[in-house]
Amino acid sequence: MADSKMIVSFGEMLIDFVPTVSGVSLAEAPGFLKAPGGAPANVAIAVSRLGGRAAFIGKLGDDEFGRMLAAILRQNGVTDAGVVFDSGARTALAFVTLRADGEREFMFYRNPSADMLLTEQELNLDIIKKASVFHYGSISLIAEPCRTAHLRAMEAAKEAGALLSYDPNLRLPLWPSAEVAREQILSIWDQADIIKVSDVELEFLTGESSVEDEVAMKLWRDNIKLLLVTIGEKGCKYYTKDFKGTVDSFKVAQVDTTGAGDAFVGAMLSKLVQDLSALQDEKKLRDVLSFANAGGAITTTKKGAIPSLPTEGEVLKLMQGA
């Protein structure tokens, strides 16, 4: 039975190593700070920080970094009963460099990392069945056994009545090839209720470098209740069966875009789960997306994903000041 308003996030949690200075390559960086991350985990913490109920399901290495990440979930009010540890594999690491324009480049250490080794038998089905919303990405589709675990978790959540939320969160260096990435990301497209893609992902999946409606609609399927395309500081575009439009974002001084998309998703889901009628009511939906845009914008004003995820008070303050 779906729990009152619980958002369960499935996938990877890892440590980003971020250069101590911006605008340099990894090789030029004089040092690195460790920053906990991983998109599904960021979304769970974003929800919790905004006052919502969140759980995370995934696998970490039974090492200092893995234990640290589980502790960070708990410190941020995220239920970690679905987290398991692998004694034979390490917690994933990513070296992330911030270019001078605030965009990112990645180098990953996963061969294989613990998150890829989650098995179907290790899934905490009790927590999955309590989800009002079950959220996931595509990185957990890359390798077995995690891929099978991911598909089973989606199935269990759907059977229990959860809405399925999908943010592909494309990380091309992790896939064997662009073709495999595109094919696998789209392989579960017809199961999600809510899908969010960035403008870059829209171009990757459609092959067209435009965010016009006819391009976005190439990704439309009849199962979808809400398709979102985020367009950076310009806000986001939304598509439902009955209406479509654009919601502007908020002007802020960008420092680091890490986690902005996750903050957007967390904020959007935390509001939607309180009132699902927003999926059929355009005015309500625009309010939800304005809140989500503000959450994403605030996250870009500070370094790192988790430290910069906002509280509800911070989001409302930005919205009122605009």
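Scroll up a little and you will see the structure.
Description of the structure in this document. (Residues numbered from 1 in each chain as written. Predicted model: local features only at pLDDT ≥ 70, side-chain atom pairs only at ≥ 80, totals over all residues. Heavy atoms only, no water.)

### Thoughts on the overall build of the protein chain
Heads up, the condition is: Helix and strand assignments come from DSSP, with helices taken as H or I runs of at least 4 residues and strands as E runs of at least 2, each series counted from the N terminus. Each radius of gyration reported is based on C-alpha atoms, and the globular scaling rule is 2.2 Å times the count of residues to the power 0.38. Throughout, exposure labels follow a simple rule: accessible area from a 1.4 Å probe, protein chains only, divided by the maximum for the residue type, with under 20% read as buried, over 50% as exposed, and the rest as partly exposed. By definition, residues are in contact when any of their heavy atoms lie within 4.5 Å. To be clear on the numbers: accessible area is Shrake-Rupley with a 1.4 Å probe, and residue cover counts the displayed protein chains and nothing else. Charge counting treats Lys and Arg as positive and Asp and Glu as negative, with His and both chain ends excluded. In plain terms, the charge of a residue is placed at NZ if it is Lys, CZ if Arg, CG if Asp and CD if Glu.
Within the protein chain, the secondary structure is distributed over 10 helices and 13 strands. Taken over the C-alpha trace, the protein chain has a radius of gyration of 18 Å; the compact-globule value for 322 residues is 20 Å, and the two agree within 12%. Referenced to the eigenvectors of the C-alpha coordinate spread, the extents of the protein chain come out at roughly 50 × 45 × 40 Å. Each of the 322 residues in the protein chain was classed as buried or not, and the buried ones make up 57%. Counting only contacts in the protein chain whose residues sit at least 6 apart along the sequence, the fraction spanning at least 24 positions is 70%. Roughly 13,300 Å² of accessible area belongs to the protein chain as shown, and the carbon and sulfur atoms make up 51% of that amount. Put simply, the protein chain has 34 plus and 43 minus side-chain charges, and the middle of one group is 4 Å from the middle of the other.

### Remarks on the nonpolar core
Counted only if it meets this: Definition of nonpolar core: a set of buried residues of the types Ala, Val, Leu, Ile, Met, Phe, Trp, Tyr and Cys, connected through side-chain atoms within 4.5 Å.
Of all hydrophobic cores here, the largest spans 55 residues; its most connected members are Met 13, Met 268 and Leu 289. When residues in this core are grouped by element, the largest group, eight residues, is from helix H9 (residues 282–299). In contact with Leu 289, other than residues within four places in its own chain, are Leu 228, Cys 236, Tyr 238, Val 247, Phe 264 and Met 268. Counting 42 residues, the second largest nonpolar core, distinct from the first, contains Leu 170, Ile 188, Val 197 and Leu 202.

### Observations concerning the pattern of salt bridges
Put simply, the rule is: For salt bridges, the criterion is a side-chain nitrogen of Lys or Arg within 4 Å of an Asp or Glu carboxyl oxygen.
Following the criterion strictly, the structure yields 16 salt bridges and no others. A salt bridge links Asp 115 to Arg 110; the nearest nitrogen and oxygen atoms lie 2.6 Å apart. Exposure class is identical for Asp 115 and Arg 110. Each is buried. Between Asp 193 and Lys 158 there is a salt bridge; the shortest N-O distance is 3.5 Å. In this pair, Asp 193 sits in the loop between helix H5 (178–187) and strand S10 (194–198) while Lys 158 sits in helix H4 (residues 146–159), placing the two residues 35 residues apart along the sequence.

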